[in-house]
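Analysis of the macromolecular model
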Amino acid sequence: MKDSPLLQGLNDSQRAAVTHIDGPLLVLAGPGSGKTRVITYRIAYMLEQGIHPASIVGLTFTNKAAQEMQARLKRMVGETSVWLGTFHGFCVRLLRKYARLVGLPENFSIYDADDAQAVLKSAVQDSQFELTHVSIAALASRISYFKNRLITPEILQGEALSSDEFQVGQVYPAYQARLLRSGAVDFDDILMHLATLLRSYPEIRQQLDERFRYIMVDEYQDTNLAQYVIVRHLSDAHPNLAATGDPDQSIYGWRGANVKNVSHLERDYPDLEVIRLEDNYRSTPEILSAADCLIQNNAFRKPKVLVPSRDSGLPVRLAIYPTARHEAEDVATQIQALVSEGSFEYSDFGVLYRTNAHSRQIEQSLLRRQIPYQLIGGFRFYLRKEIKDLVAYLLLVHNPDDDVALQRSINTPPRGVGKKSLEQLAAYAKKHRTSLLEACRAAVANELLPKRACTAIKSFLKVYDQLCSIVHGPLVDLLQLTIELTSYREHLAKLDEKNDRATEVAANLDELLAEASELDLVASDAQPALEAFLEFAVLQSDTDRLKSGQDSVTLMTLHAAKGLEFSNVFVLAIEENILPHVRSKDDPQALEEERRLLFVGITRAKDQLQLSYAKSRGFSGQGSGVPSSFLMELPRAEMQVLDHAQQLDLLDDSYASEDFDEYFDPGPDDDLFPSDTGGDGELEYSLDECQLPPEEMTKAVRSRLAKATASVPTMRTGAQIEANERKWSVFKSGCVVTHQTFGSGEIVAASGHGNKKSVTIKFFSDGLSRSFRLSHVQLTLENPGRTSD
DNA sequence: ACTCGTAGCCTTTTT
DNA sequence: GGCTACGAGT
């Protein structure tokens, strides 16, 4: 058995992992150690051993990873019924079956972050609970945190809450009640519901455990408690659980992932076999050395080695640029040069950065050179308005209780159902404990609303009922009819008269129709096309849309890059406050996660790697220009440092101008680093007036520039904010202060940072609370209060 | 009730 | 620099 041809070409540890079939297994796989290979080979090996394909489940993080494995597996063994998919996809399928047990209909809707936020917002309004210094987003993330930790509203209500969490404690149950009433789940619910279901129904747990005898989990370091519980419950009587992961690549702590799940595995499965894959087949020793030096700075870490197996290559480059624009231009130039030399294709390049916003400049530079690229992340197809509008109709057809879908569709295109009418419908729905759709029917039947509104609602219901009548036909027809009945194309055309997105929007609709007809082909009784489509629309991530066939540069965030590899990698903007991100620097755990993020980025590179930062980034004050402390942790001696900023130091002041990027616009053939800065509109105007000889002009420009920049307040915001921060740090909760017009009062809350720092003061004179931005009011401190440090 | 204009808001990472 | 939410006008 053990000499199966499958096992040829695997190293010892890989082979050990592939052939360990029964009993719990943990594969600690460093980057580039052939993990995906191990997983696919392992499945093939299991099939070869006669294990039934339907009893094997492989769970991945992204659809992309799942598809990749599916494709590899297909090449090895042909079509199989092995379930390879994402956690969420798998859980949705199970949840559909047992939905009633957690209070959901089988046709429950899945809400994306946008929809969920809309629900949360109305839950907040509903609970007549005033939000003070807590944003909806912050509430959402707290609720998400609870759900990931399987803390249901019921559990939470039994807990004593700190004042911080009091508001969440109020809103969370209301939010959840709304979701359930709409027959909907958010992303976190998908996991939470299934986990609680498995907990509460041992016989179901047992059945599923029996059915899914062999479970594999990829990117195990990124699982959260809910996911752990699910996996654990499905591997109880048949503990054939194989987890693969790398704690050094755990980068989703912020959304509840818990690296400790790795040690929990050891605790919960005493027989656990641990196999390490430490040989790296991907990167040159130079790249690995940089990665290793960096990651060793993480204190909360089990030491692990990266063993290079490739020959020595080029040194890792560290490039320093005066501005983000230079960075982008130079990267684009390098890519172009390497491709035209013939040594590489565009698809050999990956450009990685911390946040989506950083893609803009590099996009422009590539565009200007007509270098093809694909951008991952940013705006998702299914988040586009025109797509979401249409999908809303289908959602409502699928699930009539879906209030979010109704609110979205009832007045698109505008047919005269305004805010007022909706409010009354909502009130009716609340009173009669029914859906908005039912409220609409009641309103029309009993003429509860003004005639105008009633006829509008009637026409909406007519469209809706017509759509419902063909729900069992092909999905394309349903979608086509939706577009027709709503005159959607005409509506969009009218909307788009000014901005010329019309062709793009039309193309989007066509793509939507194309995807619908594709799904019609693969639809089955178990998964009707409409349901598949709606799930696909919401669970499809953007990384999944990455097309491997075409020759283009890939642009994406470091997070999205996990699991991928490129011959040449550029990591941009490795600056303090960006990587590590501002919001991570006070928390040592979060800081280590940021370091791991860079580690992931570095280890994506096979042959060449360039890390870079810019001294100025025209990003509303945020680009500090300070190189990331992570860069100090790299083996500088082995690296090649390219300091493109040196020659420009004299001009630093002008380069630091926020508007610099606006007027520095080198054409494709321009020098990357011109000796002078050209001029913006204002400067050119003054030049015309001056009529000085060229050398003098430059001087005049410079002195004018210096003057201008000195007088623009934004130029000093950095220092100013810092000074203000210090000055304002005395205004804390509990302080007694005096306001010019309202007199004295006590600070009851403070929020925000820098110039946005604001306080809420409860005034003694009238007992009312008012909020102020510290940058806008003059306050005198009367009494530092009890919380002085 | 809808459309247009502006001010304030926010800008991590994603299933 | 971009969007959304809100407010005034038609």
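The structure this text deals with has already been given above.
Overview of the structure. (Residues numbered from 1 in each chain as written. Chains lettered and ligands numbered in written order. Predicted model: local features only at pLDDT ≥ 70, side-chain atom pairs only at ≥ 80, totals over all residues. Heavy atoms only, no water.)

A separate point is the overall build of chain A. A count of helices and strands for chain A gives 31 helices and 22 strands. Taken over 789 residues, chain A has a buried fraction of 52%. For chain A, the accessible surface area stands at approximately 36,700 Å², while carbon and sulfur atoms represent 51% of it. (Helix = DSSP H or I, 4+ residues; strand = E, 2+ residues; numbered from the N terminus. Buried < 20%, exposed > 50% of the residue type's maximum accessible area, 1.4 Å probe, protein only. Areas by Shrake-Rupley, 256 points an atom, 1.4 Å probe, with all protein chains shown as cover.)

All right, on to unusual backbone geometry then. The step from Leu579 to Pro580 runs through a cis peptide bond, and the omega angle for that step is 5°. With respect to the secondary-structure elements, Pro580 resides in the loop between strand S15 (566–571) and helix H26 (588–602). Even without being a glycine, Leu150 presents a positive backbone phi close to 60°. Within the fold, Leu150 resides in the loop between helix H6 (136–148) and helix H7 (153–157). For Leu150, a relative accessible area of 2% gives the class buried. Of note in this structure, Asn577 is not a glycine but carries a positive phi near 80°.

Right, let's talk about helix H14 (residues 324–340) for a bit. The end-to-end C-alpha distance of H14, which contains 17 residues, comes to 24 Å, matching closely the 24 Å that a straight helix rising 1.5 Å per residue would cover. With 13 of its 17 residues buried, H14 lies for the most part within the structure. Sitting at the head of H14, Thr323 places a side-chain oxygen 3.2 Å from the backbone nitrogen of Arg325. Of the residues trailing H14, Gly342 is marked for its positive phi of about 90°. (Expected span 1.5 Å × (residues − 1). Polar contact = N/O pair within 3.5 Å; in protein donor to acceptor, adjacent residues only side chain to side chain.)

A regular strand places its side chains on the two faces of the sheet in alternate fashion. Here strand S1 (residues 25–29) lies mainly inside the structure; five of its five residues are buried. Burial along S1 is two-sided: Leu25, Val27 and Ala29 facing one way and Leu26 and Leu28 facing the other are all buried. With four bridges connecting them, S1 and strand S7 (residues 240–245) associate as parallel partners. Paired with Val27 across the two strands is Thr244, which belongs to S7. (Pairing = 2+ DSSP bridges.)

This paragraph deals with the sheet that holds strand S13 (residues 373–375). Spatially, the seven strands line up as an open sheet ordered S13-S14-S12-S15-S16-S11-S17, and their pairing is parallel. Of all strands in the sheet, those with a lone pairing partner are S13 and strand S17 (640–643), marking the two edges. Shown here is a sheet whose adjacent strand axes are inclined to one another by a mean of 20°, direction ignored. Pairing between strand S12 (residues 349–353) and S15: four bridges, direction parallel. Within the sheet, the bridge partner assigned to Phe349 lies in S15 and is Asn568. With respect to the sheet, H14 is in contact with strand S11 (317–323), S12, strand S14 (553–557), S15 and strand S16 (605–616), its orientation differing from that of S11 by roughly 135°. (Axes fitted to C-alpha atoms, helices over the stretch in contact; angles between N-to-C directions. Contact = heavy atoms within 4.5 Å.)

Structurally, Ile335 can be placed in helix H14. A residue is classified by how much of its surface remains accessible, and Ile335, at 0% relative accessible area, is buried. For the pair Ile335 and Asp348, spaced 13 residues apart in sequence, the C-alpha separation works out to 9.4 Å. Leave out the neighbours within four places in its chain, and Ile335 touches Tyr346, Phe349, Val351, Leu366, Val553 and Phe570.

Let's shift gears to empty space enclosed by the protein. Inspection of the entire model under this criterion finds three cavities of 30 Å³ or more. Space inside the largest cavity adds up to approximately 80 Å³. Contributing to the lining of the largest cavity are 15 residues, with Ile39, Met216, Val217, Ala242 and Thr244 lying nearest its centre. Looking at the lining of the largest cavity, the elements with two or more residues in it are S1, helix H2 (35–48), strand S2 (56–60), strand S6 (214–217) and S7. Partitioning the lining of the largest cavity into residue classes produces 10 nonpolar, three polar and two charged. (1 Å grid on protein atoms, 1.4 Å probe; cavity = no way out; pocket = protein on both sides within 12 Å on 5 of 7 lines; lining within 4 Å. Points joined across faces, edges and corners; volume = space filled by probe spheres on them. Nonpolar A, V, L, I, M, F, W, Y, C, P; charged D, E, K, R; others polar.)

What follows covers the sheet that holds strand S8 (residues 273–277). Taken together, the six strands give an open sheet; going across it, the order is S3-S2-S6-S7-S1-S8, and neighbouring strands pair in parallel fashion. In the strand order of this sheet, the two ends are held by strand S3 (83–86) and S8, each with one partner. Averaged over neighbouring strand pairs, the angle between their axes works out to 15° when direction is ignored. Packed on one face of the sheet, H2 meets S1, S2, S3, S6, S7 and S8 and runs near 170° to S6. Where helix H4 (residues 87–98) meets the sheet, it contacts S2, S3 and S6, and its direction lies at approximately 110° from that of S3.

Looking at the secondary structure, you find Gln227 in helix H11 (residues 225–233). In this structure, Gln227 is in contact with Phe87, Leu191 and Asp222, ignoring residues within four places of it in sequence.

Below, the discussion takes up helix H1 (residues 12–19). Listed in full, the buried residues belonging to H1 are Gln14, Ala17, Val18 and Thr19. Contacts from the buried residues of H1 go to S1, H2 and S8. The opening residue of H1, the one whose side-chain oxygen lies 3.1 Å from the backbone nitrogen of Ser13, is Asn11.

Further remarks concern the pairing of S11. With seven of seven residues buried, S11 lies mostly within the body of the structure. Here S11 pairs with S16 via six bridges, running parallel. For Tyr321, the partnering residue across the bridge sits in S16 and is Ala614. With four bridges connecting them, S11 and S17 associate as parallel partners.

Enumeration according to the criterion identifies 34 salt bridges in this entry. Residue Asp115 is joined to Lys388 by a salt bridge in which the shortest nitrogen-to-oxygen separation is 2.8 Å. Here Asp115 is found in helix H5 (residues 113–126), whereas its partner Lys388 is found in helix H16 (residues 385–398), with 273 residues between them in sequence. No difference in accessibility class separates Asp115 from Lys388, as the two residues are buried. Put simply, Arg368 and Glu329 hold a salt bridge, and the shortest N to O gap is 2.6 Å. In this pair, Arg368 is assigned in helix H15 (residues 359–368) and Glu329 in helix H14, connecting sequence segments 39 residues apart. Residue classification places Arg368 among the partly exposed residues on the basis of a relative accessible area of 25%. On the basis of relative accessible area, Glu329 is assigned to the buried category, the value being 3%. Overlapping salt bridges bring together Lys35, Asp218, Glu219, Asp222 and Lys562 as one network. (Salt bridge = Lys/Arg side-chain N within 4 Å of Asp/Glu carboxyl O.)

Here the focus is the environment of Asp236. Of note, Asp236 is situated in the loop between H11 and S7. A sequence separation of 30 residues divides Asp236 from Gln206, and the C-alpha atoms of the two residues are 8.2 Å apart. Not counting chain neighbours up to four residues away, the residues in contact with Asp236 comprise Arg205 and Asp209.

Two aromatic rings, taken as a pair, are described by how far apart their centres are and by the angle between their planes. Under the defined criterion, the tally for this structure stands at nine aromatic pairs. Centre to centre, the rings of Tyr252 and Trp254 are 5.5 Å apart; their planes meet at 45°, and the pair counts as tilted. Taking relative accessible area as the criterion, Tyr252 reaches 9% and is therefore assigned buried. An aromatic cluster is built from Phe61, Tyr252 and Trp254, whose rings are joined through pairwise contacts. Here the guanidinium or amino end of Arg142 rests over the ring plane of Phe146, the centre of that ring lying 5.4 Å away. Positioned over the ring face of Tyr252 is Arg255, at 4.8 Å from the centre of the ring. (Phe/Tyr/Trp six-rings, centres within 6.5 Å; stacked < 30°, edge-to-face > 60°. Lys NZ or Arg CZ within 6 Å of the ring centre and 35° of its normal.)

So yeah, pure geometry; function would need other evidence.
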